Amino acid sequence: MAYQIIETCVNCWACHALCPSQAIIEAKPHFLIDAKKCSECEGEYADPQCVSICPIEGAILDCQGRPANPPGSLTGIPPLRLAPAMAEIRAR
């Protein structure tokens, strides 16, 4: 089973050119991964290239359906602290 891009994808194009299998397809409302082409970068790279470049937490799911970049993994803000952190930012 291949990685999957879900609705939180913002179509930023970061992953499109980086995919060595050319498995990422431009689509609306969000990009898609062609499961037949996706190799999960096994044997080519230590990490899947789409996951390594994606700036959106939770936009790519692994073959088990889990976020490859789970909440907090890119921002460093634990999920339980996110709402208070956002409130603090808005208050400034």
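Relevant structure appears above.
Reference entry: report on the structure contained in this document. (Residues numbered from 1 in each chain as written. Predicted model: local features only at pLDDT ≥ 70, side-chain atom pairs only at ≥ 80, totals over all residues. Heavy atoms only, no water.)

Counting 14 residues, the largest nonpolar core has I5, C15, I24, F31, I33, C50 and I60 as its most contacted members. Not counting residues up to four positions away in its chain, the partners in contact with I5 are C15, I24, H30, F31, L32, I33, A59 and I60. (Core = buried A, V, L, I, M, F, W, Y, C linked by side-chain atoms within 4.5 Å. Buried < 20%, exposed > 50% of the residue type's maximum accessible area, 1.4 Å probe, protein only. Contact = heavy atoms within 4.5 Å.)

Together, L82, M86 and I89 make up a nonpolar patch on the protein surface, roughly 250 Å² of accessible area in all. Residue position: M86 is located in helix 2 (residues 79-91). On the accessibility criterion, M86 (34% relative accessible area) is partly exposed. (Patch = residues over 30% accessible without salt bridge, like charges linked within 9 Å, V, L, I, M, F, W, Y side chains within 5 Å. Areas by Shrake-Rupley, 256 points an atom, 1.4 Å probe, with all protein chains shown as cover. Salt bridge = Lys/Arg side-chain N within 4 Å of Asp/Glu carboxyl O. Helix = DSSP H or I, 4+ residues; strand = E, 2+ residues; numbered from the N terminus.)

Now for the packing of aromatic side chains. All chains considered together, the criterion is met by 1 aromatic pair. Taking 5.0 Å as the distance between ring centres and 90 degrees as the angle between the ring planes, the aromatic pair formed by W13 and F31 counts as edge-to-face. Of this pair, W13 sits in the loop between strand 1 (4-5) and strand 2 (24-25) while F31 sits in the loop between strand 2 and strand 3 (32-33), and the two are 18 residues apart along the sequence. Accessibility expressed as a relative area gives 41% for W13, which makes it partly exposed. (Phe/Tyr/Trp six-rings, centres within 6.5 Å; stacked < 30°, edge-to-face > 60°.)

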